[in-house]
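Structural characterization, general
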Amino acid sequence: MFGQGLLKGLQITWRRMLGKKYTVQYPDEKLEMFPRYHGRFQLDVDKCIACGLCANACPNKVIQIEKEKVNNKQYLTKYVMRIEYCLFCGMCVESCNKNALKFSNIIDMNQYRRDWVRLTLVDRPAPESSEELSGETPAAVGKASGAKAKAKAEAVANADSEAAAAKASAKEGQ
């Protein structure tokens, strides 16, 4: 009973020693990845319509999308994935109706710092609207009034700080 187990173990060991090797010297040799491997994310920015389906499908809420509306069209300005919390479940890739988000076969995703892990796929400003250049639109009027209100608030704050400084200097003189 003890000898049969030992002989079976040695038989398996000899078979593995003389058979095909399954290990590779990784940095020098690389394995061909399977087509359905979940590697690094790739976003085709031209296909993306900034609908937000991928962000809604994510169970961990890993995807953050910022978009602007330019000429009645959604324009993707920022697309960030917090990979440190990602499950690589593929729900975001499956939910994309334009096939803009895909998995690649890249397996080298290691980073030295935790804050470098965050994956920014898109970070760009929105293009200027052709209507804004030709004339004022309601959005442009809103931006201009917001800028005027901001300037007015800064002027009031500066006047208050100058008045407080004058009072403080007057008290010091007494």
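Look up a bit, the structure's there.
Residues numbered from 1 in each chain as written. Predicted model: local features only at pLDDT ≥ 70, side-chain atom pairs only at ≥ 80, totals over all residues. Heavy atoms only, no water.

Examining unusual backbone geometry
To keep it simple, the criterion reads: Secondary structure counts use DSSP, requiring at least four H or I residues in a row for a helix and at least two E residues in a row for a strand, with both numbered from the N terminus. Exposure categories follow from relative accessible area, calculated using a 1.4 Å probe and restricted to protein chains: below 20% of the type maximum is buried, above 50% is exposed, and the middle band is partly exposed.
With phi around 55°, Phe 88 is a residue other than glycine that occupies positive phi space. The residue Phe 88 is located in the loop between strand E3 (73–81) and helix H3 (91–95) in this model. In this structure Phe 88 comes out as partly exposed when scored by relative accessible area, which is 23%. In this model, Asn 99 sits at a positive phi of 55°, which is unusual for a non-glycine residue. Here Asn 99 lies in the loop between H3 and strand E4 (101–103).

With respect to the pattern of salt bridges
We apply this condition: What counts as a salt bridge is simple: a side-chain nitrogen of Lys or Arg found within 4 Å of a carboxyl oxygen of Asp or Glu.
In the structure shown here, the tally under the stated rule is 2 salt bridges. When the shortest N-O distance is used, the salt bridge between Asp 108 and Lys 30 registers 3.7 Å. Linking Asp 108 in the loop between E4 and strand E5 (119–123) with Lys 30 in the loop between helix H1 (2–18) and strand E1 (41–43), this pair joins segments that are 78 residues apart in sequence. Between Arg 118 and Glu 84 there is a salt bridge, with the nearest N and O atoms lying 3.6 Å from each other. With Arg 118 in the loop between E4 and E5 and Glu 84 in the loop between E3 and H3, the pair connects residues that are 34 residues apart, well separated along the chain.

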